[in-house]
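# Close look at the chain arrangement
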Amino acid sequence: MLERKIEKALVDKVKLHGGLCLKFISPSMTGIPDRIILLPKGKVGFVETKKPKGEPRPIQKKRIKQFKDLGFKVYVLDDKKDIDEIIKNIGGR
Ligand SMILES: [Mg+2]
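The present account deals with the structure reproduced in this document. Not measured: the values here are computed from a predicted model.

## Notes on the nonpolar core
- Residues Leu10, Val14, Ile37, Val47 and Leu77 are the most contacted members of the largest nonpolar core, which totals 15 residues.
- Secondary-structure elements contributing two or more residues to this core are helix 1 (2-16), strand 2 (35-39), strand 4 (73-77) and helix 3 (83-90).
- Setting aside chain neighbours within four positions, we find Val47 in contact with Leu10, Pro33, Asp34, Arg35, Ile37, Tyr75, Leu77 and Ile86.
- Listed in part, the six residues of the second largest apolar core include Ile32, Ile36, Ile64 and Val74.

## What about the sheet that holds strand 3 (residues 43-49)?
- Spatially, the four strands line up as an open sheet ordered 1-2-3-4, and their pairing is mixed. Sheet topology places strand 1 (20-23) and strand 4 at the edges, where each strand pairs with a single neighbour. The sheet shows a mean angle of 25° between the axes of neighbouring strands, taken without regard to direction.
- Where strand 3 meets strand 4, five bridges bridge the pair, whose relative direction is parallel. Among the inter-strand pairings, Glu48 is bridged to a residue of strand 4, identified as Val76.
- Along the sheet face, helix 2 (residues 58-69) touches strand 3 and strand 4 and points at about 150° away from the line of strand 4.
- Helix 3 contacts strand 2, strand 3 and strand 4 of the sheet and is inclined by roughly 180° relative to strand 4.

## Observations regarding the coordination of the magnesium ion
- The protein atoms that coordinate the magnesium ion are Glu3 (OE), Asp34 (OD), Glu48 (OE) and Thr49 (O), at distances spanning 2.1 to 2.3 Å.
- Between consecutive donors of the magnesium ion, the numbers of intervening residues give the motif E-x30-D-x13-E-T. Highlighted residues: Asp34 in the loop between strand 1 and strand 2 and Glu48 in strand 3, separated in sequence by 14 residues. Accessibility classification places Asp34 together with Glu48 in one group, the buried group.

Cut-off values and rules
- Residues numbered from 1 in each chain as written.
- Predicted model: local features only at pLDDT ≥ 70, side-chain atom pairs only at ≥ 80, totals over all residues.
- Heavy atoms only, no water.
- Core = buried A, V, L, I, M, F, W, Y, C linked by side-chain atoms within 4.5 Å.
- Buried < 20%, exposed > 50% of the residue type's maximum accessible area, 1.4 Å probe, protein only.
- Helix = DSSP H or I, 4+ residues; strand = E, 2+ residues; numbered from the N terminus.
- Contact = heavy atoms within 4.5 Å.
- Pairing = 2+ DSSP bridges.
- Axes fitted to C-alpha atoms, helices over the stretch in contact; angles between N-to-C directions.
- Donors = N, O, S within 2.8 Å, 3.2 Å for Na, K, Ca; no water.

As C-alpha cells, then:
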C-alpha cells in the first residue's frame, strides 16, 4: 500500500512536469522497473518503486543493471522526497 502511495506521488509529479509516467509491463520479461518516465524533449528514465526502505529483488537488481548497461537512467524510489531529484536527473526542470 505504501508503495502504491509513492507510485501515485511520482505519477502526479511527472504530470506536473508535462510528462508521462507509464506503468511498464512486459509479458516476456520479469523484474523490469515499475514505471517508464517520459519527459519533454525526449527524456526518458525508469523507476522501480518500493515501500519505504524496500530493496529491489535480485531479478529486479539484474534488470536495473541491464538497463543501466544500455545507457538508460534507472532509479529505485522508496521515499517521496526523492521524486524531485529523480525528475531533475532524468532531465525535467
Ligand atoms: Mg516495485
